[in-house]
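The primary structure of each chain is shown beneath.
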Amino acid sequence: MTLPNKKTPAPPGVATWILVTLLWGTLFYWTSIFMLRLASAKLGQGYFNAQQSELFTVYGIHAGVLVLFALVAMMVRQLLDPGASKQVARKVAIAEGKGEKVFISFAGSIATSFFFTGLTALTLAVSSSRVGFDADFTLPVVLLAACYNIAAGLCASLFVGVVFLIAQAVRKGK
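Asks: I keep staring at the packing of helix H1 (residues 14-43) against helix H2 (residues 52-80) and nothing clicks. Help me out?
Replies: Packed helix pairs are characterised by how far apart their axes lie and by the angle those axes make with each other. One can describe the packing of H1 onto H2 by two numbers: an axis separation of 8 Å at closest approach and a directional angle of 135°. By the angle between their directions, the pair H1 and H2 is classed as oblique. At the point where H1 passes H2, the crossing takes the right-handed sense.

Asks: What is the right way to read the packing of H2 against helix H4 (residues 106-131) from this model?
Replies: Packing of H2 against H4 brings their axes to within 9 Å, and their N-to-C directions diverge by 125°. Between H2 and H4, the angle falls in the class oblique. Between H2 and H4 lies a crossing whose hand is right-handed. Packed against H2, whose contacting residues are Glu54, Leu55, Thr57, Val58, Ile61, His62, Val65, Leu66 and Phe69, the element H4 presents Phe115, Phe116, Leu119, Thr120, Thr123, Leu124, Ser127 and Val131 at the interface. Along the lines of polarity and charge, the residues of the contact of H2 with H4 split into eleven nonpolar, five polar and one charged.

What counts and how
Residues numbered from 1 in each chain as written. Predicted model: local features only at pLDDT ≥ 70, side-chain atom pairs only at ≥ 80, totals over all residues. Heavy atoms only, no water. Axes fitted to C-alpha atoms, helices over the stretch in contact; angles between N-to-C directions. Helix = DSSP H or I, 4+ residues; strand = E, 2+ residues; numbered from the N terminus. Parallel < 35°, antiparallel > 145°, perpendicular 65-115°, else oblique. Left-handed = near helix turned anticlockwise from the far one by under 90°. Contact = heavy atoms within 4.5 Å. Nonpolar A, V, L, I, M, F, W, Y, C, P; charged D, E, K, R; others polar.

All quantities given are derived from atomic positions and should not be read as evidence of function.
The structure is reproduced here in structure tokens:
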């Protein structure tokens, strides 16, 4: 009797790249809006008067930007790591319990928080005149909002880590 071979995880496909980017991009879109308002009020700089309905309209534009970003990021990753060997090795390490235990990509969540705050501010500023509201963000407002948004990134990372720990415990229990 032969034992079944463990499969090497496949690199994520296009749909996974787009869905994960939309998931994180959506989360950070809304947290970034909150943090941009908070930072603007704290520093007394910038102006942002969008209504909820206008934010949903801008989100439609933002979702298109996120899909484009996901595709570009996937192509860059394929150029830098053909076959996604580093990504697959990381998946294997995590599956074997050698990866992060609680936080899923601690440094990545910080970088993502910063990036998506900047992307959200840029999307809001560029699309505001077309949608019909005023948005003017200074660099200090965006940077402070990005720092505030680290908390959202760490909370999301911690949440995903806890879900993975529970899933791993359930699998071991079966």
